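A look at the structure
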Amino acid sequence: MAPFPITGRFVGDFVPHLVEVDTDDTMDQVGKKVARFSVGHRIPKPKNLAGYDVFLGDVLLSASTTFAEVMAENTILPLQWFDVRFRSPEPADA
Amino acid sequence: MLLNRDDWYQTSRDLDWTLSYVDHEVAFPAEWGGTDGIPAEAWEGWDEPFRVSYRDYVRVQREKEAGVKAVSNALTRAGVYEKLDHAHVAASHLHMGTTCMVEHMAVTMQSRFCRFAPTPRWRNLGVFGMLDETRHTQLDMRFSHDLLKHDPRFDWTQKAFHTNEWGVLAVKNFFDDVMLNADCVEAALATSLTVEHGFTNVQFVALAADAMAAGDINWSNLLSSIQTDEARHAQQGFPTLQVLIEHDPQRAQKALDVAFWRSTRLFQTLTGPAMDYYTPLDQRKMSFKEFMLEWVVNHHERILEDYGLKKPWYWDQFLYSLENGHHAMHIGTWYWRPTLFWNPNAGVSKDEREWLNEKYPTWEDNWGVLWDEIIKNVNDDCIEETLPDTLPALCNLTQLPLGSAMSRHDLEPHQLVYKGRLYSFDSEISQWCFEQDPERYAGHESFVDRFISGKILPADLAGGLMYMGITPDVMGEDAYQYEWAKDYASTDA
C-alpha cells in the first residue's frame, strides 16, 4: 500500500490533473479519483451514472484490477497518463 | 568646426581593439557569442538601419521620459485609475507582475551583447538596448509604485519573480532560457527577432490600444513609449539572422522554430485572456487571434520568406492553436484563480459569449460547454465546485497545463522517458522542442514535479499557495463577484 502520482484525464475535460492513487486501489477507485476533479466541475454528471472505465493507452483495465497489478504488468513511471470515461454500453464523449 | 554625424558615425560604432595580451578566443568565447562555425570575417557584414549615436539616443529618450511622466502625473492627479473597469485593471496587474522583471532580465541579456557580441557594431547597439531595458524596468516600477496605495497587487511588479507562483515560473523558465542562458546569437534570434520584433506588438501595441479605449491612458502611454524602444533594439535580430543563414541555416531554422512556439504559448497566457476576456466588450478592437494574424503571423511569414527559411513544420498546428490555446489558458486560470495574484474576469456573459462565438466559430463546442457547468454551479450557489482541489498536470517544456495548447477534443498524451524520468508535454510541438536539446530542459522541475518530490508542504492546495507566495490580500477571485452569471440564472431555473 503506497501512494502513487498519476496524470489522470477525464475524457471530455480540457485538462488532465495530478491525481494521487494508492497501489491497493482498484480501477473502480482510480476512476472515481480521476473523475472527481472534472465531473460536476466542468463535465456534467449524467443522471444514471454506471461508474467509470479506466484506460492505459487504448487498453480498458478491468474494474477489479488493482493499481499494483497494473504496475506489475506494465512499466508505470510517476505521472503516467491514464484516461477515464463514463462507463456505459456506448461511452458518451462529453 | 563640429563634425556632422555621418563624418564620424561609422568610425565610432566600429571602434575595436586589436588584442595583444589575450587570445581573441579567450576574450570572446564562442560559447558566449554563439559563433561556433561562423568565420570571424562574416561579422563584418553585420549592419543595422537605426544608426543611433549616444548623443541622439539621450536626447530622444529624455523627450520620451518627459512625455510619459507628464501624462502620468496629470492622470494620477485626476484620479483616473479609480474609475477604470475592474477587469481591465486585472490586465495591468497581470502585465506588470509578469513583465517588469523580464525587462530587468533583458538588461542582463543586452549587457552580454555589449560585452560578448562578435562585432563592435552589435556591441555598440547593445549599449542602447541595455539602457532601454533599464528604462522599461524603471517605468513599470514607477507606474506600479504610484498605484500601490490603491491595490497591493502592484507590489507584484517587483515581487512576482521572487516567488514560485506557477505562471511566473512559466514566464521565468522561458526567459531564463532565451535571455540569460542563451548565447548572443541565439538570444538575438529568440528574443530580439521573435519576441521583441514580433510578439511584443501584441502586448505593447494591441494591448496599448485596448488600454486607451478602456480609458487607461497612463498605462497605454507607457506601453507605447516602451514599444518605440523595442522597435529599435529588436533590430539586432535581423543582421544576426543574415550571418547565421549564410553559415548555418539549419541552426537558424531550429532556433527560430523553437522560439516561435515557446513565444506563442507564452503570449497565449499573458495577452490572450487580457484581450478576449478582460477588456470590456465595447472597447475591444480586435480578437487576440485577429491581432496575432495581423501582427505576428504575417510578420513571421515575411521574415521566413525574406531569409529563405521554411515555415515551421508545425505551422498548421500553430494556426489551429490560435483558435484554442488562449481560451484554454483563460478557463484554466479562472478556475485556478486562488493561485493568481490578479482577479480574472470570467468574460462569458451572454453578450461576451456571442462575441466569442462570432470570433471563434468552434468556441461553443470546445469551451462553452465547460463554462456551462461552471455557470450552473455558480447559479446553484456551489462556488466550491468552481474552485480547484488539485493541480493541473503541467508541461515540462512550457510549464503550462497539459491541454492548454489545443482544444479538449485534441487532448492526447505526449510523454517520453529521458534518462529514466517521464516527461509530459502540452503538444507534439513542445515535445519536439524538448527533443532538439533534452539536456537543456531535462533537469528542471515543474510545479507538479516539486509537489510530488516533497518540496511543497503541506502537500495540498494550501501548501501550494504558501509555496507560491500567494497571500489573502492578493489571492485571485472573480473580478465581478459572479455578477455576469446572473445572465443565465433564469434559463437555468
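Residues numbered from 1 in each chain as written. Chains lettered and ligands numbered in written order. Predicted model: local features only at pLDDT ≥ 70, side-chain atom pairs only at ≥ 80, totals over all residues.

1. Comments concerning the overall build of chain A
Counting its secondary structure elements, chain A contains 2 helices and 5 strands. Reported as C-alpha extents along the three principal axes, the dimensions of chain A are approximately 35 × 25 × 20 Å. For chain A, the proportion of its 94 residues judged to be buried stands at 46%. (Helix = DSSP H or I, 4+ residues; strand = E, 2+ residues; numbered from the N terminus. Buried ≥ 20, exposed ≤ 12 C-beta atoms within 10 Å, placed from the backbone.)

2. Structural notes on the interface of chain A and chain B
Opposite the 22 residues of chain A that make contact, chain B presents 25 residues. Elements represented by at least two residues in the side of chain A that touches chain B include exactly β1 (3–10), β2 (17–22) and β5 (80–86) of chain A. Here the side of chain A that touches chain B is composed, by residue class, of 13 nonpolar, 6 polar and 3 charged. (Contact = placed C-beta atoms within 7 Å. Nonpolar A, V, L, I, M, F, W, Y, C, P; charged D, E, K, R; others polar.)

3. Quick notes on the packing of helix α9 (residues 184–213) of chain B against helix α10 (residues 217–233) of chain B
Residues and elements named next belong to chain B. Relative to each other, α9 and α10 sit at 160 degrees, their axes nearing to 9 Å. Taken together, the axes of α9 and α10 lie roughly antiparallel to each other. In the crossing of α9 with α10, the sense of the turn from one axis to the other is left-handed. The segment α9 lies against α10, with Ser192, Glu196, Thr200, Phe204, Val205, Leu207, Ala208, Ala211 and Met212 engaging Ile217, Trp219, Ser220, Leu223, Ser224, Ile226, Gln227, Glu230 and His233. Its residues assigned to classes, the contact of α9 with α10 comprises 10 nonpolar, 6 polar and 2 charged. (Axes fitted to C-alpha atoms, helices over the stretch in contact; angles between N-to-C directions. Parallel < 35°, antiparallel > 145°, perpendicular 65-115°, else oblique. Left-handed = near helix turned anticlockwise from the far one by under 90°.)

4. Notes on helix α8 (residues 166–181) of chain B
Of all the bends in α8(B), the greatest, near 35 degrees, is centred on B:Phe175. Across the 16 residues of α8(B), 13 count as buried, placing the element largely inside the fold. (Bend = angle between axes of the 7 residues up to and from the residue.)

5. Side note on the packing of helix α5 (residues 86–116) of chain B against α9(B)
Residues and elements named next belong to chain B. Two elements in contact, α5 and α9, have axes separated by 10 Å at closest approach and are oriented at 140 degrees. Overall, the two elements α5 and α9 adopt an arrangement that is oblique. α9 is crossed by α5, and the crossing has left-handed handedness. Mapping the contact onto sequence places Met109, Arg112, Phe113 and Phe116 in α5 and Cys184, Ala187 and Thr191 in α9.

6. Considerations on the environment of A:Val54
Residue and element names in this part refer to chain A. Assignment of secondary structure puts valine 54 in strand β3 (residues 52–56). Sequence separation between valine 54 and arginine 85 is 31 residues, and the spatial gap between their C-alpha atoms is 6.7 Å. When near neighbours in sequence (up to four residues on either side) are disregarded, valine 54 contacts Met27, Val30, Gly31, Leu61, Phe82 and Val84.

7. With respect to unusual backbone geometry
All names here are of chain B. Backbone torsion omega between leucine 457 and proline 458 reads -10 degrees, so that peptide bond is classified as cis. Relative to the helices and strands, proline 458 resides in the loop between α21 (447–452) and α22 (461–468). Of note, the phi angle at aspartate 381 is positive, near 60 degrees, even though the residue is not glycine. Its 9 C-beta neighbours within 10 Å are what place aspartate 381 among the exposed residues.

8. Observations concerning the sheet that holds strand β4 (residues 59–61) of chain A
One key point about sheets: their strands pair by backbone hydrogen bonds, in either a parallel or an antiparallel sense. Residue and element names in this part refer to chain A. Within the open sheet, the 5 strands sit side by side as β2-β1-β5-β3-β4. Their pairing is mixed. Edge positions in the sheet fall to β2 and β4, since each has one partner strand and no second. The sheet shows a mean angle of 45 degrees between the axes of neighbouring strands, direction not considered. In this structure, β3 lies alongside β4, joined through 3 bridges in antiparallel fashion. (Pairing = 2+ DSSP bridges.)

9. Regarding the pairing of β2(A)
Residue and element names in this part refer to chain A. Bridge count between β1 and β2: 6 bridges; the pairing is antiparallel. Opposite proline 5, over in β2, you have glutamate 20 as the bridge partner. Counting the residues in the hairpin turn of β1 and β2 gives 6 residues, including glycine 12, whose phi is positive at 115 degrees.

10. A few points about the environment of B:Ile331
Looking at the element boundaries, B:Ile331 is found in helix α16 (residues 325–335). Along the sequence, B:Ile331 and B:Ser407 sit 76 residues apart, while their C-alpha atoms lie 12 Å from each other. The contact partners of B:Ile331, leaving out residues within four places of it in the chain, are A:Phe14, B:Trp367, B:Leu370 and B:Trp371.

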